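Commentary on secondary and tertiary structure
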Amino acid sequence: MRLPPRLPALPLHRRGFHLLAASAALVALAAASPFAHAAFPDKPLRIIVPFAPGGGTDAITRALGIGMSQALGQPVIVDNKPGAGTIIGTDAVAKSAPDGYTLVMSTFAHAVNPALQPKMPFDTDKAFAPVALIGVSPNVLVVRADQPYKNVADVLAAAKAKPGKLTFASQGNGTSAHLAGELFKSLAKVDITHVPYRGAGPAMTDLLGGQVDLMFATAAAAKPFVSAGKMRALAVTTAQRSPAYAEVPTLAESGVAGYAAESWYGLYAAAGTPKDVIAKLNDAVRRAVKLDAFVKQTQSEGLALKVGAPEELDRYVQAEEVRWRKVVKDANITAD
């Protein structure tokens, strides 16, 4: 039996060309595949907190990180990078690789900084990919327990008696504690002096030490000190009372008509992070906030969970930007 004629072998250089072409085609196919990021995450993740350790944002982020680590099967490291009204830590994420491994826990300042800062190192609306809104909570007007102020009326009387003498601390320019105080000044028509710190922890330390008189602290940061009897909660900043501070009136109830403000926590990645990675991160957040330890901590600190789709964080923050831009402009507030 005669065998069919054997086809001529390709020259070595042509065989190499065909192998390279085949390899390139496989790489392109893999890149286009919806499963290209199926391995995510395959290394530890990092959540940047743009405040010093010890404050409410730090506590919330660490609790969330534990739950996300369980959901994702990788360690989640919390990295504190305070300074410049949260811009230093936030900028680190804006300039990070868009792979989902570096995130930032953003707060009130994220929506306010564009109005406060004439020159930002990033475009807030374009540099980030929303992952999830975590929740919202009140700020709490607190004083040291040994101070004579028993209610908001006492604070107003003291502020009007000696304009500019009373001081209020915040965790930085443009933060919720800062703008809550500025809104208080505007609506109550009083003059009190703002003292910014590099995080809620240092601000709380100086409030307890007597270096400052008041603070519109986040509910999470204030709760341990109020519970321990070291601070007195005079009012919450939200329109309704908080379940975590059920006996504490709102500022509107206390004579500051029309007052309403809230803190919030939202998780962002760098812009350009693949949608499937964002989806995995969002799912990890949803799982983390359901854990008993997280729920117990956040409920006791007044956080109302609002976790939804990434787009919900985007819409919420855009509305906050519009609202607070007017307050900043009307009060002529600057970052310095």
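None of these values were measured; they are calculated from a predicted model.

Along its length, the protein chain carries 11 helices and 11 strands. Sequence-distant contacts in the protein chain: of pairs separated by 6 or more residues, those separated by 24 or more amount to 78%. Of the roughly 16000 Å² of accessible surface on the protein chain, 58% is carried by carbon and sulfur atoms.

Attention shifts here to the packing of aromatic side chains. Aromatic rings considered in pairs are described by the distance between their centres and by the relative angle of their planes. Following the criterion strictly, the structure yields 7 aromatic pairs and no others. Taking 5.2 Å as the distance between ring centres and 85° as the angle between the ring planes, the aromatic pair formed by Phe 122 and Phe 128 counts as edge-to-face. Residue classification places Phe 122 among the buried residues on the basis of a relative accessible area of 11%. Judged by its relative accessible area of 8%, Phe 128 falls in the buried class. Put simply, the rings of Phe 122, Phe 128 and Tyr 268 touch in pairs and so form one group of aromatic residues.

What follows is about the confidence of the model for the protein chain. Averaged over every residue, the pLDDT of the protein chain is 87; the share at 70 or more is 88%. Within the model, pLDDT remains below 50 along residues 15-37, and this stretch shows 9 contacts once partners closer than five positions in the same chain are excluded.

Right, let's get into the side chain of Thr 124. Looking at the element boundaries, Thr 124 is found in the loop between helix 4 (108-116) and strand 4 (128-137). With relative accessibility at 11%, the residue Thr 124 sits in the buried group.

This brings us to the packing of helix 7 (residues 200-209) against helix 8 (residues 219-227). Closest axis-to-axis distance for the helix 7/helix 8 pair is 11 Å, and the angle between their directions is 35°. Helix 8 is crossed by helix 7, and the crossing has right-handed handedness. When helix 7 is examined against helix 8, the residues Ala 200, Met 204 and Leu 208 are found in contact with a partner set consisting of Ala 221, Ala 222 and Phe 225. Tallied by class, residues from the contact of helix 7 with helix 8 come to 6 nonpolar, no polar and no charged.

Here the focus is the pattern of salt bridges. As enumerated under the stated definition, the model contains 8 salt bridges in all. In this structure, Arg 144 engages Asp 146 in a salt bridge whose closest nitrogen and oxygen atoms are separated by 3.3 Å. The shortest N-O distance in the salt bridge between Arg 323 and Glu 320 comes to 3.9 Å. With Arg 323 and Glu 320 both in helix 11 (residues 310-331), this residue pair falls 3 residues apart, about one helical turn. Owing to a relative accessible area of 34%, Arg 323 belongs among the partly exposed residues under this scheme. The class of Glu 320 is buried, set by a relative accessible area of 7%.

Here we take up the environment of Ala 153. Considering the arrangement of structural elements, one finds Ala 153 in helix 5 (residues 152-161). Look at Ala 153 and you get partly exposed, because its relative accessible area is 47%. For Ala 153 and Val 256, which are 103 residues apart along the polypeptide, the C-alpha to C-alpha distance reads 9.5 Å.

This part is about the sheet that holds strand 5 (residues 139-144). One open sheet accounts for 5 strands, arranged 7-6-8-5-9; its pairing is mixed. Edge positions in the sheet fall to strand 7 (193-196) and strand 9 (231-236), since each of these pairs with one other strand and no more. Neighbour to neighbour, the strand axes of the sheet diverge by 30° on average, direction disregarded. Pairing between strand 6 (residues 167-170) and strand 7: 4 bridges, direction parallel. Of the residues in strand 7, the one forming a bridge with Ala 169 is Val 195.

Conventions used here
Residues numbered from 1 in each chain as written. Predicted model: local features only at pLDDT ≥ 70, side-chain atom pairs only at ≥ 80, totals over all residues. Heavy atoms only, no water. Helix = DSSP H or I, 4+ residues; strand = E, 2+ residues; numbered from the N terminus. Contact = heavy atoms within 4.5 Å. Areas by Shrake-Rupley, 256 points an atom, 1.4 Å probe, with all protein chains shown as cover. Phe/Tyr/Trp six-rings, centres within 6.5 Å; stacked < 30°, edge-to-face > 60°. Buried < 20%, exposed > 50% of the residue type's maximum accessible area, 1.4 Å probe, protein only. pLDDT = per-residue confidence, 0-100. Axes fitted to C-alpha atoms, helices over the stretch in contact; angles between N-to-C directions. Left-handed = near helix turned anticlockwise from the far one by under 90°. Nonpolar A, V, L, I, M, F, W, Y, C, P; charged D, E, K, R; others polar. Salt bridge = Lys/Arg side-chain N within 4 Å of Asp/Glu carboxyl O. Pairing = 2+ DSSP bridges.

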